[in-house]
Amino acid sequence: MKTIIVATKNKGKIDEYRVLFAPYGYRIESLLDYPAIPDVEETGTTFAENALLKAKAVSERLGGIAVADDSGLEVSALGGAPGVHSQRYSDEGTAAANNAKLLKALAGVDSREARFVCTIVVLRPDGTHRFYQGALNGLIARVPRGTEGFGFDPLFFLPERGCTVAELDMTEKNRLSHRGRAFLAMIADRDWWSR
Ligand code: ITT
């Protein structure tokens, strides 16, 4: 089995990538396996910039193929916020505090349209890289529902499914999520990054 290092400390993402990569014969390592690698400051203004910063930090230290994911929630009524600041939306930066802040920001707001977006970057040992994107449209619910997934999943309602993302099991989430879609584009291009 080949190993791919995904430059993330987010347990929810790591679990999803483990399941996504497994059928293709890849084993996943993450920053949780390399605690000595310091946190990267996500100073970019786009998902792509931040993803590349995270991938570079790993590839500089470990070599090999580095994969990073920068993702977030864009809410139309909030002008696209929290966007690249999704993880740090509330002062605490926890999912519970982020979700509470989002509900407060949308109190009394009828327009609930939102989308999850994900940019994956693959950085090869020779320094070349490519980006892959995915998105998922939905509505911000008025109360959280479900216990699966992570982050904003309990508030992200899928009208065509009649449930939130946190009510889907991981296989179903991966099939339709922003991350699952970006991953499909990435895996379709593996002739480039694995050669
Ligand atoms: P790493 O930088 O270590 O990968 P992170 O959680 O900081 O972990 P991001 O900077 O990409 O990752 O921020 C992503 C945030 O966007 C995440 O913490 C959630 O708040 C939200 N988010 C992204 N994908 C999500 C998903 O599939 N479900 C729910 N929330 C998600």
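Shown above is the structure to which this text applies.
Residues numbered from 1 in each chain as written. Predicted model: local features only at pLDDT ≥ 70, side-chain atom pairs only at ≥ 80, totals over all residues. Heavy atoms only, no water.

(A) Expanded view of the overall build of the protein chain. Counting secondary structure elements, the protein chain contains six helices and seven strands. Helices and strands in the protein chain line up, N terminus first, as β-α-β-α-β-α-β-β-β-β-α-α-α. A compact globule built from 195 residues would reach a C-alpha radius of gyration of about 16 Å, and the protein chain, at 17 Å, matches this within 12%. On the principal axes, the C-alpha backbone points of the protein chain span a range of 50 × 30 × 25 Å. Going through the 195 residues of the protein chain one by one, you find that 47% of them count as buried. Nonlocal contacts in the protein chain, meaning residues at least 24 apart in sequence, comprise 58% of its contacts between residues at least 6 apart. Roughly 9,400 Å² of accessible area belongs to the protein chain as shown, and the carbon and sulfur atoms make up 53% of that amount. Here the protein chain carries 25 positive and 25 negative side-chain charges, and the mean point of each set is 2 Å from the other. (Helix = DSSP H or I, 4+ residues; strand = E, 2+ residues; numbered from the N terminus. Rg over C-alpha atoms; globule rule 2.2 N^0.38 Å. Buried < 20%, exposed > 50% of the residue type's maximum accessible area, 1.4 Å probe, protein only. Contact = heavy atoms within 4.5 Å. Areas by Shrake-Rupley, 256 points an atom, 1.4 Å probe, with all protein chains shown as cover. Lys, Arg positive; Asp, Glu negative; His and termini not counted. Charge placed at Lys NZ, Arg CZ, Asp CG, Glu CD.)

(B) Local environment of the site of the ligand. Near the ligand lie 20 residues; those nearest to it are Thr8, Lys13, Lys54, Asp153 and Lys173. Here the ligand loses 92% of its free accessible area of 610 Å² to cover by the protein chains. When residues of the shell around the ligand are traced back to their parent elements, those giving at least two are strand E3 (66-75) and helix H5 (178-188). Tallied by class, the residues present in the shell around the ligand amount to three nonpolar, eight polar and nine charged. (Near = heavy atom within 4 Å. Nonpolar A, V, L, I, M, F, W, Y, C, P; charged D, E, K, R; others polar.)

(C) Structural detail: the side chain of Ser30. Its place among the elements puts Ser30 in strand E2 (residues 26-30). Of note is the side chain of Ser30, whose polar atom sits 3.1 Å from the backbone nitrogen of Leu32. With residues up to four places along the chain from it excluded, the contact list for Ser30 reads Val6, Thr8 and Ile14. (Polar contact = N/O pair within 3.5 Å; in protein donor to acceptor, adjacent residues only side chain to side chain.)

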